[in-house]
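# A structural walkthrough
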Amino acid sequence: MFIEFRNEVEHVLEEALASYDSEGMELTESEHADISSRIAFSLASKYKRSPKSIADEIVKYIKIPAEDTLISNAVADGPYINFFVNDVYLHKALQRIKEGITAKKKEGKIIIEHTSANPDGPLHIGHLRNAIIGDGLARILKRAGYEVETQYYVNDMGRQIAVVVWGAERMEIATAKKADHAVVDVYIAANRMVEEHEAYQREIEDLMGAYESGDEAVVKRYETVVNASLSGIKATLERLNIHHDLFVFESEFVREGAVEAVVEELVQKGNIKRRDGAALLLHLDGIDKELVIRRTDGTLLYTTRDLAYHRWKSSRCDRLIDVFGKDHELVSKQLTKALELMGVRAPEFVIFAFVSLPTGSVSTRAGRYISADELISKIEARAYEEVAKRRADLEEDRKRAIARKVGIGALRYDMVKVSPEKHIVFVFEDALDIEKKGAPFIQYSYARACSILRAAEGLFTDDYDDEYNTALREESEKDLIKKLAKFEYVVQTAALELKLHLVAKYARELAEMFNAFYKYCPVLNAEQELRGARLQLVYCTKTVLGDVLDVLGIEAPDVM
RNA sequence: GGGGUCGUAGGGUAGCUUGGAUAUCCUGUCAGGUUCCGGACCUGACAACCUGGGUUCAAAUCCCAGCGACUCCGCCA
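Each residue is numbered by its place in its chain's sequence as written, counting from 1. For naming, the first written chain is A and the first written ligand is 1, with later ones following in the order written. Since the coordinates come from a predicted model, pLDDT governs what is reported: local features require at least 70, and pairs of side-chain atoms require 80 or more to be given and counted, while whole-chain, interface and lining totals use all residues. The basis for the side-chain values is all heavy atoms of the structure; hydrogens and waters are excluded.

Take the sheet that holds strand β8 (residues 271-274) next. At least two DSSP bridges between two strands are needed for those strands to be called paired. The helix count covers DSSP runs of H or I at least four residues long, the strand count covers runs of E at least two residues long, and both are numbered beginning at the N terminus. Pairing within the open sheet is antiparallel, and its three strands lie in the order β8-β9-β10. Each edge of the open sheet carries a strand with a single partner, namely β8 and β10 (291-294). The mean angle between the axes of side-by-side strands here comes to 35 degrees, regardless of whether they run parallel or antiparallel. As paired strands, β8 and strand β9 (residues 280-283) are joined by four bridges and run antiparallel to one another. Helix axes are fitted only over the stretch in contact, all axes being lines through C-alpha atoms; the angle between N-to-C directions runs from 0 to 180 degrees.

What follows is about the pattern of salt bridges. Side chains bearing opposite charge may pair, as long as their charged atoms lie close to each other. Here, a salt bridge means any side-chain nitrogen of Lys or Arg that lies within 4 Å of a carboxyl oxygen of Asp or Glu. For the structure on display, the rule yields 40 salt bridges. In this structure, R170 and E203 form a salt bridge, with 3.1 Å as the shortest nitrogen-oxygen distance. With a gap of 33 residues between them, R170 in helix α6 (residues 159-170) and E203 in helix α8 (residues 198-212) connect regions that are remote in the sequence. A salt bridge links R319 to E348, with the shortest nitrogen-to-oxygen separation between them at 2.6 Å. Taken together, the positions of R319 in strand β11 (residues 319-325) and E348 in strand β12 (residues 348-352) put the pair 29 residues apart, joining distant regions of the chain. Residues participating in the shared-partner salt-bridge network are K178, D180, R239, D373 and E380.

Moving residue by residue along a regular strand, the side chains alternate between the two faces of the sheet. Looking at chain direction, strand β2 (residues 33-37) and strand β4 (residues 80-85) are connected through three bridges and run antiparallel. In the sheet register, S36 faces β4, and the bridge partner there is N82. Relative to β4, strand β3 (residues 71-77) is paired through six bridges, and the arrangement is antiparallel. Bridging across to β4, N73 finds its partner in F84. The hairpin turn running from β3 into β4, its antiparallel successor, is two residues long, and G78 in that turn takes a positive phi close to 60 degrees.

In this structure, F5 and I58 are the most contacted members of the largest nonpolar core, which totals 183 residues. Top contributing element to this core by residue count: helix α22 (residues 528-551), with eleven residues. We call two residues contacting when some pair of their heavy atoms lies within 4.5 Å. When residues no more than four places from it in sequence are discounted, the contact partners of I58 are L13, A16, L17, Y20, I39, L43 and I81. Residues enter a nonpolar core if they are buried and are Ala, Val, Leu, Ile, Met, Phe, Trp, Tyr or Cys, with the set joined through side-chain atoms within 4.5 Å. Residue burial is assigned from relative accessible area. The probe radius is 1.4 Å, only protein chains are included, and a residue is buried under 20% of its type maximum, exposed over 50%, and partly exposed in between.

So, about the domain arrangement of chain A. How far each domain reaches was decided by an automatic or database domain assignment. What the domain assignment lists for chain A is domain 1 (2-85), domain 2 (116-356) and domain 3 (372-551). Relative to domain 2, the C-alpha centre of domain 1 lies at a distance of 52 Å.

So, on to α8. Over its 15 residues, α8 extends 22 Å from the first C-alpha to the last, a length consistent with the 21 Å expected when each residue adds 1.5 Å. Considered for burial, the residues of α8 that qualify are I204, L207, A210 and Y211. An end-on view of α8 places all buried positions within 125 degrees of arc, on one side of the element. Exposed residues on α8 whose side chains face more than 90 degrees from its buried face are E198, A199 and R202. Lining the buried residues of α8 we find α6, α7 (179-196), α9 (216-239) and α10 (250-255). The span you would expect from a helix comes to 1.5 Å times its residue count less one. Taken from the helix axis, the directions to the C-beta atoms give the arc we talk about.

Our focus in this paragraph is unusual backbone geometry. For K48, which is not glycine, the phi torsion reads 55 degrees and is therefore positive. The topology assignment puts K48 in the loop between α2 (39-47) and α3 (51-61). In the Ramachandran plot, D68 falls in the positive-phi region, its phi being about 55 degrees despite a non-glycine side chain. Examined against the element boundaries, D68 turns out to sit in the loop between α3 and β3. By relative accessible area, D68 is classed as exposed at 70%.

Take empty space enclosed by the protein next. Of the grid points, spaced at 1 Å and generated over the protein atoms alone, those admitting a 1.4 Å probe that cannot get out make up cavities, while open sets with protein on both sides within 12 Å along at least five of seven lines make up pockets; any residue with an atom within 4 Å of a point is treated as lining. Grid points are joined across faces, edges and corners, and a volume is the space filled by probe spheres set on the points. Scanning the model with the defined rule gives three cavities of 30 Å³ or more in all. The volume enclosed by the largest cavity comes to roughly 70 Å³. I133, L137, V350, M415, V416, V418, P420, L498, L500 and H501 are the residues that line the largest cavity. Among the secondary structure elements, those contributing two or more residues to the lining of the largest cavity are α5 (125-143), α15 (396-416) and α21 (500-520). Ten residues, namely Ala, Val, Leu, Ile, Met, Phe, Trp, Tyr, Cys and Pro, are considered nonpolar, four, namely Asp, Glu, Lys and Arg, are considered charged, and the remaining ones, Gly among them, are considered polar. Per-class residue counts for the lining of the largest cavity are nine nonpolar, one polar and no charged. For the lining of the largest cavity, the two domains that each supply at least three residues are domain 2 (116-356) and domain 3 (372-551).

It is worth spelling out the packing of aromatic side chains at this point. Aromatic rings from Phe, Tyr and Trp, taking only the six-membered ring of Trp, are treated as a pair when their centres fall within 6.5 Å; an angle between ring planes under 30 degrees marks them as stacked, one over 60 as edge-to-face, and anything in between as tilted. Taken as a whole, this structure holds 18 aromatic pairs when the rule is applied. In this structure an aromatic cluster arises from ring pairing among F2, F5, Y89 and Y489. Here, over-ring charges are defined by two tests on the NZ atom of lysine or the CZ atom of arginine: distance to the ring centre within 6 Å, and angle to the ring normal within 35 degrees. A cation over an aromatic ring shows up here: R170 above the ring of Y200, its NZ or CZ 5.6 Å from the ring centre. Between the NZ or CZ atom of K486 and the centre of the ring of F2, over which it lies, the distance is 4.6 Å.

Moving on to the layout of surface pockets. Estimates place the volume of the largest pocket at around 1200 Å³. If you trace the largest pocket, you find 43 residues lining it, with N118, D120, N155, Q160 and H328 closest to the centre. Residue assignment for the lining of the largest pocket shows that the elements contributing at least two residues are α5, α6, α7, α8, α12 (302-315) and β11. Sorting elements by how many residues they give to the lining of the largest pocket places α8 first, with five residues.

We now examine the sheet that holds β11. What holds strands together in a sheet is hydrogen bonding between their backbones, with the strands either parallel or antiparallel. The sheet built from five strands is open, its strands ordered β7-β6-β5-β11-β12 with parallel pairing. In this open sheet, the two strands that pair with only one neighbour each are β7 (246-249) and β12. The sheet shows a mean angle of 25 degrees between the axes of neighbouring strands, taken without regard to direction. Where strand β6 (residues 147-154) and β7 come together, four bridges link them in parallel fashion. Bridging from a neighbouring strand, Y152 pairs with F247 of β7. Its contacts with the sheet place α12 against β5 (109-113), β6, β7 and β11, and it is angled at close to 160 degrees to β6.

Pasting the structure below:
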């Protein structure tokens, strides 16, 4: 409803400004009004008058319609022109929520690529951030009305995978373990062997060559390993409520000749520097480092294959988003330039900084890493302790289910509450401290709302609409409704700017306002008419809290 | 050496693209609060824009310089 209000303010203000020579309206949100305009400042310098006198004058020209409007009034406060909503706005905002908020379908399809971890072992904490950001973006764009497809790009042609495939011939992939964990064991052991014997390195190279050329027996061996890893990775992602619509394999582009086609095109269109052998180095404007698209020995590189993948992706959608780690930043720039050269639309990159541990850097080989599975289990266990302490009355299954929602919620919220470019030091104790950390607080508010509605079973009906205007007059009630009315606006803004933390912030603020309302406005003990109105407000809050948590990929428990 | 990101209370963090009212929120410390629907709650207080210039009526925001931090720089992925 806020979007409609904003549109109306724009319309009214534009007419009032008709006789001025102004560009834009300089609308801002502030605590002083529902919407403000700072236009008087810029007009002041243009007309050599005081901002205050101009603001006073503009307000006189503002004509608010007598009916069918959401604006109550516009007043000049010094140089600012402040607009306020009316009761109709508050009424309609709740009405909209009761009908169920659904965004209008938007034109265009969006593809988001995220996670894309190498299938040589389990996900670790860095992948987790990638996956959670990517999934969050997908959810928010869907909510904003777009068609979204999520893709996991499987790097099945790298050396790491070859090492695992090689190792799998010599040792068993343990079946007792979760598949991705079993695969990394093989990788670590095989890698040690390969490092010690040069002869093995040749075998690895032969294996890579055979796979690239599509040798059937080799392809089968690869598939076994890659599928084992992916099944484990998928299981981990599932615990986090994350799924991908499509898994795309790097090798497909090589065998179809799409990669060769890219090379040919770049040779024709680009500034190529040849060096010894078959090597091709591409110089890209504005980037010092040349992009190697083919090795001396004639084999191709990851980035070249990535170009083929992006060309394919780009042709299948209208907006392309990649979630990349910071270490890929240079690659992302080279990718952009090279794609431009090819006349292919480049993706929008969401670059996120790494998650490190207080003990130092993460190292897979040294065994000094935290697998995502381990982390998830620990945080769920911690949440369980808390649930068991508070809700001894519940059945075991119930407690487990709540702990799962709370634990995953805390983790997901933690990963998106700050801007992606901020580096995170992952302190176990803090992450496991589920109190005051965002998601549990919001979930608790949701559970409380549910609790009230349960207690009011039979009292809550839909026919209090007419009473609304006279019933809900408390500040905490109005603030809460205004916040509810902004949900769609926040979703649209966050979708446009790809800023998940805006949604996280909104969720927290909404929960805060509900708690304040809860504190000052008794619902069940209010006299009948007021009770009905407040029950509706509780219902609407519950709905939006559930929606906003869903956008963040967090489940809302009705008890906790 | 070159590129990038960043510097906001004791710690963390929003705001910076598009300059404008008392700089956001979490945590911390201190002081309060529940005859009531769930105390994983609420209210109040303390405390910050790296430094120096510049532009401007107005700078956390834009420009320049400095200092500091982190990070990337393989014919790996």
